[in-house]
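So you can see what is in the structure, the chains are spelled out below.
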Amino acid sequence: MKLNRILPLAAAVAAIPALGFAQEAEVAVAPDINPYIFTTLLFLIGGFLVFWMAAGFAMLEAGLVRSKNVTMQLTKNIALFSIAAIMYWLVGFNLMYPGDGWTIAGWLGAFGTTSLEPVGLAAEDAALDYASVGSDFFFQLMFCATTASIVSGTLAERIKLWPFLIFTVVLTGIFYPIEASWQWGGGWLSDAGFSDFAGSTLVHAAGGFAALAGALILGPRIGKYKDGRTIPMPGSNLALATLGTFILWLGWFGFNGGSQLAMGTVGDVTDVSRIFANTNMAAAAGAVTALILTQVMYKKPDLTMVLNGALAGLVSITAEPLAPSLFGALWIGAVGGLIVVIAVPMLDKFKIDDVVGAIPVHLIAGVWGTLVVAVHTRTEIAEGIERTFMQQLGVQALGVLAIGAFTFVASAVLWFILKGTMGIRVSEEDEINGLDMAELGMEAYPEFSKG
């Protein structure tokens, strides 16, 4: 009788460790939701920081155009952002990130509208290795809108509103998503080893190429170039332009930091902090370089050059804000400031009228930032074999040429179509009176009517 009682008790005691192991095993296989949550949070925070850059572009452009065109620039900026949001949902996001649904593998993505996860998504139904679709879509949309903002400033003070907005529809819905898919969507440039961390070429130079095509076809403002001289046309409000630059500087932390695309580990969040520090250093170096150079070259500092020097430093570091040291970020950004001071008067010699200096800042500094990636980045091309500096530089140059050629040619064709069908430039009288009056029906203030 005692033995019959002892045996079941012994069996129960022996089962206790096994039960503990089973519970440990169950805990061990539970999905880790933290990377999904923190990466989604990174995209949302980064996204609304980059959204704030739309305000920065609006303030910068409003400050650098003459008073009779300020309202027009503000109208263009809020309209282009809204158009970009709709077009990126309608076709852009899937065209840029087709997954396995390429229309032409590696070259042309999928056509279709963006769909989000269902309300109240359960953890077991989520793709826990990345982030929510909504946060990814929201974050990537901001880059798309930035590309159109670059074009707006270059063509200010002489372009009609509606042709510009039609161009924005195609740029944000078709042109930008296609070229960006070649790299960020896993297309042929990605396979080739091209590297552009946050978009020095994919966003900034692409916007610059579209702006350059428009500027060449549109022509300069009336009175900008006379008898071989460049006539200064001061902006309406340098306080607004400075505010816009600081807003852009702030937004760039989301632009570059969010492009880490992960925040679920100690390494990822540390890298985000490194990106912030490098981004800030490059901007500061660009501003100081422009400040010193304008003092040396013109005997007086030029605020607009300093503002654009900071922005050029930001563009320059955008292609690789993680790998460099702080000193590396400093000299990369400093070269961006140098580019602005040299390129702005160079464009004037060729009579290319860029009202806000977007082509030097975004196109030329963007190309510089993309090429200098080869100094810091090596891409594995075989088992244990890495590209040399010259090999990586060649791949970087290939990406710049491909994206530049596609964006410039496609934009030029569209500009020519718009010019031939509805016209893209206001009349001489309307340009003299100002676009606020001509395009928006606003009466110019008497003190500004001569600006």
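Scope of this entry: the structure provided in the associated data block. It should be emphasised that the depicted structure is a prediction, and the values quoted were computed from it without experimental measurement.

## Notes on unusual backbone geometry
Consideration 1: Phi at Lys-299 is positive, roughly 70°, even though this residue is not glycine.
Consideration 2: Summarising the element assignment, Lys-299 is placed in the loop between helix H9 (266-298) and helix H10 (303-318).
Consideration 3: Relative accessible area serves as the criterion here: at 62%, Lys-299 is assigned to the exposed category.
Consideration 4: Within the chain, Lys-351 stands out as a residue other than glycine whose phi angle is a positive 60°.
Consideration 5: The residue Lys-351 is located in the loop between helix H11 (326-349) and helix H12 (358-371) in this model.

## Focus on the pattern of salt bridges
Consideration 1: Summed over the entire model, instances satisfying the criterion amount to four salt bridges.
Consideration 2: Across the pair Glu-157 and Arg-66 runs a salt bridge, and its minimum N-O distance is 3.2 Å. Of this pair, Glu-157 sits in the loop between helix H4 (133-154) and helix H5 (161-181) while Arg-66 sits in the loop between helix H2 (34-64) and helix H3 (70-96); the two residues are 91 residues apart in sequence, bridging distant segments of the chain. There is no split in this pair, since Glu-157 and Arg-66 are both buried.
Consideration 3: Through salt bridges with shared partners, a single network forms among Arg-66, Glu-157, Arg-221 and Asp-353.

## Quick notes on the packing of aromatic side chains
Note on aromatic pairs: each is described by the distance of the centres and the angle between the planes.
Consideration 1: In the structure shown here, the tally under the stated rule is 20 aromatic pairs.
Consideration 2: On the basis of an interplanar angle of 55° and a centroid distance of 5.6 Å, the ring pair of Phe-93 and Tyr-97 is categorised as tilted.
Consideration 3: Since its relative accessible area comes to 7%, Phe-93 is described here as buried.
Consideration 4: A relative accessible area of 22% places Tyr-97 in the partly exposed class.
Consideration 5: Judged by centre distance (4.9 Å) and plane angle (70°), the ring pair of Phe-139 and Phe-143 falls under edge-to-face. With a gap of four residues between them, Phe-139 and Phe-143 both fall in helix H4, about one helical turn apart. Considered together, Phe-139 and Phe-143 belong to a single accessibility category, that of buried residues.

## Things to note about the packing of helix H7 (residues 200-218) against H12
Consideration 1: Two numbers describe how H7 lies on H12: the axes approach to 8 Å, and their chain directions differ by 140°. Comparing the axis directions of H7 and H12 gives the class oblique. Crossing hand, H7 versus H12: left-handed. Across from Ser-200, Thr-201, His-204, Ala-205, Gly-208, Phe-209 and Leu-212 in H7, the residues of H12 making contact are Ile-359, His-362, Leu-363, Gly-366, Val-367, Gly-369 and Thr-370.
Consideration 2: Tallied by class, the residues present in the contact of H7 with H12 amount to six nonpolar, eight polar and no charged.

## Some remarks on a nonpolar patch on the surface
Consideration 1: On the surface, a nonpolar cluster with roughly 780 Å² of combined accessible area is contributed by Ile-33, Ile-37, Phe-38, Leu-41, Ile-45, Phe-48, Phe-51, Trp-52 and Leu-250.
Consideration 2: Tracing the backbone shows Trp-52 in helix H2.
Consideration 3: The class of Trp-52 is partly exposed, set by a relative accessible area of 39%.

## A word on the side chain of Asn-278
Consideration 1: Residue position: Asn-278 is located in helix H9.
Consideration 2: Residue class for Asn-278 comes out buried when judged on its relative accessible area of 2%.
Consideration 3: Within the structure, Asn-278 has its side chain in polar contact with the backbone oxygen of Pro-324 (distance 2.9 Å).

## Considerations on H7
Consideration 1: Its 19 residues place the ends of H7 25 Å apart at the C-alpha level, agreeing with the 27 Å of an ideal helix rising 1.5 Å per residue.
Consideration 2: Burial of H7 is extensive: 18 of the 19 residues sit out of reach of the surface.
Consideration 3: Count one or two residues on from H7 and you reach Gly-219, which has phi positive near 85°.

## Quick word on the environment of Thr-113
Consideration 1: Positionally, Thr-113 belongs in the loop between H3 and H4.
Consideration 2: Note: C-alpha distance between Thr-113 and Leu-90 (23 residues apart in sequence) is 4.5 Å.
Consideration 3: If we skip the residues at most four places from it in the chain, Thr-113 touches Trp-89, Leu-90 and Asn-94.

## Notes on the environment of Asn-256
Consideration 1: Mapped onto the elements, Asn-256 comes out in helix H8 (residues 238-257).
Consideration 2: Separated by 58 residues in the primary sequence, Asn-256 and Ala-198 have C-alpha atoms spaced 5.6 Å apart.
Consideration 3: The residues touching Asn-256, leaving out its near neighbours within four places in the chain, are Phe-197, Ala-198, Ile-275, Thr-279, Ile-317, Thr-318 and Pro-321.
Consideration 4: In terms of polar contacts, Asn-256 uses its side chain to reach the side chain of Thr-318, at 3.4 Å.

Conventions and cut-offs
Residues numbered from 1 in each chain as written. Predicted model: local features only at pLDDT ≥ 70, side-chain atom pairs only at ≥ 80, totals over all residues. Heavy atoms only, no water. Helix = DSSP H or I, 4+ residues; strand = E, 2+ residues; numbered from the N terminus. Buried < 20%, exposed > 50% of the residue type's maximum accessible area, 1.4 Å probe, protein only. Salt bridge = Lys/Arg side-chain N within 4 Å of Asp/Glu carboxyl O. Phe/Tyr/Trp six-rings, centres within 6.5 Å; stacked < 30°, edge-to-face > 60°. Axes fitted to C-alpha atoms, helices over the stretch in contact; angles between N-to-C directions. Parallel < 35°, antiparallel > 145°, perpendicular 65-115°, else oblique. Left-handed = near helix turned anticlockwise from the far one by under 90°. Contact = heavy atoms within 4.5 Å. Nonpolar A, V, L, I, M, F, W, Y, C, P; charged D, E, K, R; others polar. Patch = residues over 30% accessible without salt bridge, like charges linked within 9 Å, V, L, I, M, F, W, Y side chains within 5 Å. Areas by Shrake-Rupley, 256 points an atom, 1.4 Å probe, with all protein chains shown as cover. Polar contact = N/O pair within 3.5 Å; in protein donor to acceptor, adjacent residues only side chain to side chain. Expected span 1.5 Å × (residues − 1).

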